[in-house]
Every structure is written in C-alpha cells, then in structure tokens.
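Single-letter residue listing:
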Amino acid sequence: MPAPLQIEWLGRIGWREALEAQRKRVEARRADAGPDSLLLLEHPPVITLGRSADPAHLLESRAALAARGIEVQEAARGGSATYHGPGQLVGYLIVDLAARGVPDVHRFLRGIESDLIAAIEELGVAARALPGLTGVFADAPGTPRKLASIGVGLRGWVSFHGFALNVSLDPTAFAPIVPCGLAGIEIGSLARELGAGAGEDLDSRARAAVAAAFAARWDAP
Amino acid sequence: MPVAVELPSLGESVVEGTVSRWLVKEGDHVEIDQPLVEVTTDKVDAEIPAPVAGLIQKILVPEGQTVAVGAPLVMIEADAGSKAPSKPAAAPAAAPAAAQPRGAEAPTPATPLARRLAEEAKVDLRKVTGTGAAGRVTKQDVEQAASGRSRPAAEPASPPAAGRPAYLGYSLQEGDRVVPMTPLRRLVAEHMVLSKRVSPHVGTVAEIDMSGVSRVRDAHKRGFEQDHGFGLSFLPFIVHATVRALREFPRLNASVLEDAIVEKKDIHIGIAVETEKGLVVPVARHADRLSLAGLAQAVEDLANRARTKKLSADELKGGSFTISNPGRFGNLYGFAIINQPQVGILRMGEIVKRPVVRTLEGEDAIVIRPIMHLALSYDHRAVDGAPANGFLHRIRELLEEAEFDL
C-alpha cells in the first residue's frame, strides 16, 4: 500500500506560489519520489477563473478589484470563477489515484465531499452533498448554501488542486463574481452557520478537523 | 509504428470528456509522459500524457469538442524502440479499478501471480475488484475473492445513488424495460431539479392573435425561401418580438445572485430544440443586433446543427433568456422550467384558428383568427407579477401590430 497521506500546513501563501509548490509535488509524485500529500493553506484575496469561466461571471473590472487588493488569476482548471481569501481553508491534494487503486475521478470527488462533510459535522454544522452539484452544502432548508467548493486537476493519475472550505470568511467577499457559474445558490460559511457559537478559534479547529477527516480515510489500510 | 492515444476512462461514471486545450501540435516531437492535451469533465481537468515518444502525426479531435471515453484523440508515430512505460501513473488508459464486468475482449488487468492463482482457484478475474496499481487485480484480491470475502464487483459503491432518498426507489417488476440515462438525459434531469429547487416559478399566459404575423409571413414566404433556401417559420417573429420586449423590460434578461439581481446588457436567446439525442438549447448570441431575416437564419442554422450534432460547446452556453417551441400539435399551452441562471422562459403553444370577438365598424362580431397561447414562466425572486405581465403584454402588442421589416 502507498505511504500515508502527508498533511502540511503552509500558512498564508500567494496563489502563484502555491501553484508552484503543487507543480513540484506533482512532478515528484509522478516520479515516485514524493508522497501523497494534502497541503492546507490560506490565500490572500484572489479571484481565479477556470477554463469555462464566462467573462460575464466577473462583475467588477480588474482595475476596481486590484484597487481593493484582489488579484485575478487564470487557472488551468475546469470550472468557472471562484474567490479565495483569508478565513477560507484551502486544501490541495496531490495523490496518485492509480497507486491508491482507485483511478476514478468521480469516486475521488465524492470521497473529498464525504471527508469534508465529516469534518464540518465534527465542528457542529450539518452538511450534505447535492446530487449533480460538486461541493458541500449546509444541510438546512431554503436556498442551498455552499460551504465548500471542489475542483480537481489530473496529470496522468496524479491529482492537484482540491477544495476550499469557507470557515470564517465573509461570504459577501464572493460578491464580485458569479461563483462557479451558478446563480441560484448562496455562498455560506461555517461561521455564519454557527452564528454566536462560532468561537474565536474556529479557523484552527477547522484545520484540525479537516486534517483528521482526511487522515482517517487516506491512512486506512 | 503509429499509436492512437485514446480518451482514457477517468472513472466508472465518466462517459465523455471535452478537449479543452492541445499542448502539442502536429509535427511536434514528444517524450514519453509529456502532457499532450487537457480534457475537461465535470469539475475535473485531466492532462493526458504521451504513452510513447514520437512524432505527433495527426490531432483527431479539435479543442471544444466532446468525445466518448475510448475515442482516439491523436496519432503518434512512435520512435523506434520507444514503448509504453509500465509505470501505471503514466498510463491512465488502463481500465478503471472499480470494475464493471468487463467484456471478453478486454482482458482484466492483473498481476501474473494473481492470474495463476485465479486459474487454480477457478476465480473469474472479471468479477474481482482490483486494488493494485491502476486497478490491477493482485494476489490478495484473488485470495479474498476465493474465500468469498470480496465485494462482488458488480455492485461497487455507486456514487450517484448515494444520498438519494429511499422513497424514490422502485423495485423492478417483470416485463419492465430499463433504459439507462444518457449523459445528456442526466444533465437535463439534474438541471430541471436544480431549477425547480432554487427558483420559485410563476406562470402567466397570453392569447395572441397571429393574423398580422401570418400576413407578413405569407407575403414574404416565397421570396424568403428563394433568397435563403429555407422556409420562414413563426419562431423568428416570436424571437424578434421577445428581444424587443426584453430591451424594455431588462428585469426579465437577468440572473439572481446572492443579494443582487444582475440585469444583463447583452441579449442572448436560447432556443430549446428537441433532437434525436434529447433536449438541447443552442444560443443565438446578440439576438438584439439581428434583423428578422438574420434571426431566422440564426435559428435555422442552430436548429439544423443541433440536429446534426455539429454545435460547439460554446454555442450551448451563455443564454440570457430562453424560448421553447415544443411542437405544433396537442399543445394548447404549458409552462416550461426556467433555464438557470436565467429568470424567464417563454413556451409557444400551437397556432389554431379560433372564434374571437372583434369590434368591426362599431359592432361586436365573432370572427375567425389564428390564435397562439404564449406562456411565460418567471422567477418570482427577480420579477413580480405586474412587470412580468407587462412584458408578456408587450410581446403580444408587438406580434399583433406585426410591424416587421424583412
């Protein structure tokens, strides 16, 4: 069996820098010279546009965004526009799916969803997946509130990119875009679901819960 | 020797992928494992590496095109002596691990030891779930299968079924015909459920006298067909009137965001077309910049190419409002489901001669007129009843006035 998933906390790092870190690890993993890893981190404010992003999904000019300290980056991934920023826990998974014996992207996506749901419930928020919509949503009535977005790249069978979980981030930070090209869902966050019960240390507890949930699945023999 | 690189199976329920970007061009020399092409499926971008070193001979699938798993993407003239590496990570073309029973012609990937053991223990390799590299069946898998502890391969944890409430279940009865959903059917189904979930639909219907449009159409029918090579239908008139009304009621040409409504500058009209493969909605872009003849041309062209499956992915995206024309007969009116993230959709009813009351020379009289019911479904989050009715009424006025330039 492959070695256990190596989980690292990289702190707050720029989107480009994190991309480079992923690229190196993907190359190492493909050459069998590196482990499967989960990089946990936070980005400074940045909007990334996937390949299928419609320019109409960006609702403010780049200049206006830059003036507010928000970068715009074109990402070599599927999907549409998304926002990353402080208070959002980003997880990049560099995993050799073939070596894990599960070369199946849909099962991989569903696995990420179920790990995130486990972590979110650990923090006291009911969460669910919605058939047909990749991501994790608050399990509550009304308009679906998206707590985590998921988007994955593959080079050969080695994955990169991963998920972004809104922990204490203010959902209105998504206002300049139509997230993931989906109107009709709301962006939520754990802090908002928890209300007064969120607590000061929510970010660090979320980090621990996510690390534990992924370790539980990926380390299992 | 030329080698075809096929779209690998990226998972059990992945049946097709869209070529998003070629990273090489014809005539390039590539090394083993060099990324050739990026393929997009739902939420996943996969780079397909070269299985051999060689010369890119021919790219078979252009960017933007969606093809089925197994379809050849590119031909590589392999260098002498180059052969596929055995490293599984470099060869996603290997069969997925989550095995559906495989066809006889596709040998189950297995280690030689596992193969020998399976023969001895009379275990059918095709029914064993491989847990080894690239889904290969290992010795341990065979031992487990032999002792009956293995999960039967025919029922892997099927992700799409997970989370579906039990009351939707139905146990099959004898004589039932099970028709698996095509990917398009599944997409349509998911979209319909999503739309009904996120958007409170309200319906309203107008009765429209199509005499004026009929007259214009009859007057130009022959000339139009001679000039353009196809018949002039009613649909372009409806699209034209709708576009004009949308300019006056921008709230219907909109999307709902979390705390805001975006009224869009551009008007791109989706035209729902029923094809052999199912429902598709190609988009006439900038429909407000087109003349009636231009719209007729655009609608005809999109519908034709939808039926011959020659639409590009981009032509199915980005609509700001949709019109559905579900056919002539047995269709008085009905309410369509809104095509998200739009806020309104019109559905045309059949055009039938009906007795209606008109005032002729100061006297009420019953006259016979071609009448169409036009039904608007709108999203009550964005639009209230009065403006929705105002919009529909404006379309009616425009169609009844019938001042169209051809």
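Residues numbered from 1 in each chain as written. Chains lettered and ligands numbered in written order. Predicted model: local features only at pLDDT ≥ 70, side-chain atom pairs only at ≥ 80, totals over all residues.

With that settled, the discussion passes to the overall build of chain B. Within chain B, the secondary structure is distributed over seven helices and 17 strands. Going through the 406 residues of chain B one by one, you find that 36% of them count as buried. The long-range share in chain B, meaning contacts at least 24 apart out of those at least 6 apart in sequence, stands at 64%. (Helix = DSSP H or I, 4+ residues; strand = E, 2+ residues; numbered from the N terminus. Buried ≥ 20, exposed ≤ 12 C-beta atoms within 10 Å, placed from the backbone. Contact = placed C-beta atoms within 7 Å.)

So, about the pairing of strand β15 (residues 321–324) of chain B. All names here are of chain B. Of the two faces of β15, the one carrying Phe321 and Ile323 and the one carrying Thr322 and Ser324 are both buried. For strand β12 (residues 269–275) and β15, the ladder comprises four bridges, and the chain directions are parallel. The residue bridging glycine 270 from the neighbouring strand is threonine 322, located in β15. Where β15 lies against strand β16 (residues 344–360), three bridges are found, and the strand directions are parallel. For threonine 322, the partnering residue across the bridge sits in β16 and is isoleucine 345. (Pairing = 2+ DSSP bridges.)

Another point: the nonpolar core. Counting residues in each nonpolar core, the largest one holds 79 residues, and the members touching the most others are Leu116, Ile120, Val136, Leu147 and Leu165 of chain A. Tallying contributions element by element places helix α3 (residues 105–122) of chain A first for this core, with eight residues. Beyond its immediate stretch of four places on either side in the chain, isoleucine 120 of chain A contacts Val125, Ala127, Val136, Leu147 and Leu190 of chain A. Membership of the second largest hydrophobic core comes to 55 residues, among which are Ile345, Met372, Ala388 and Phe391 of chain B. (Core = buried A, V, L, I, M, F, W, Y, C linked by C-beta atoms within 7 Å.)

The strands making up a sheet associate through backbone hydrogen bonding, with each pair oriented either parallel or antiparallel. Residues and elements named next belong to chain B. With antiparallel pairing, four strands are arranged side by side in an open sheet as β1-β8-β6-β3. Here the strands that pair on one side only, and so sit at the sheet edges, are β1 (2–6) and β3 (29–30). Here β3 runs beside strand β6 (residues 54–59); their pairing, made up of two bridges, is antiparallel. Paired with valine 30 across the strands is glycine 54, a residue of β6.

What follows is about the sheet that holds strand β4 (residues 71–74) of chain A. Residues and elements named next belong to chain A. Across the sheet, three strands lie side by side as β4-β3-β5; this open sheet has mixed pairing. A single partner strand is all that each edge strand has here, and the edge strands are β4 and β5 (81–84). Put simply, the sheet's adjacent strands are angled 25 degrees from each other on average, direction ignored. Where strand β3 (residues 46–49) meets β4, four bridges bridge the pair, whose relative direction is parallel. (Axes fitted to C-alpha atoms, helices over the stretch in contact; angles between N-to-C directions.)

Attention shifts here to the confidence of the model for chain A. As a general rule, the predicted coordinates of low-pLDDT regions are not to be interpreted in detail. In this model, chain A carries an average pLDDT of 86, and 90% of its residues clear a pLDDT of 70 or more. Across chain A, element-level confidence peaks in strand β6 (residues 88–94) of chain A with a mean pLDDT of 96 and bottoms out in helix α2 (residues 62–67) of chain A with 84. (pLDDT = per-residue confidence, 0-100.)

Looking now at unusual backbone geometry. All names here are of chain B. Following glutamine 340, the chain continues to proline 341 via a peptide bond in cis, the omega torsion being 0 degrees. Here proline 341 is to be found in the loop between β15 and β16. We note that glutamate 361 has phi near 50 degrees; this positive angle belongs to a residue other than glycine. For glutamate 361, a count of 5 C-beta atoms within 10 Å translates into the label exposed. Not every positive phi belongs to a glycine, and alanine 402 is a case in point at roughly 55 degrees.

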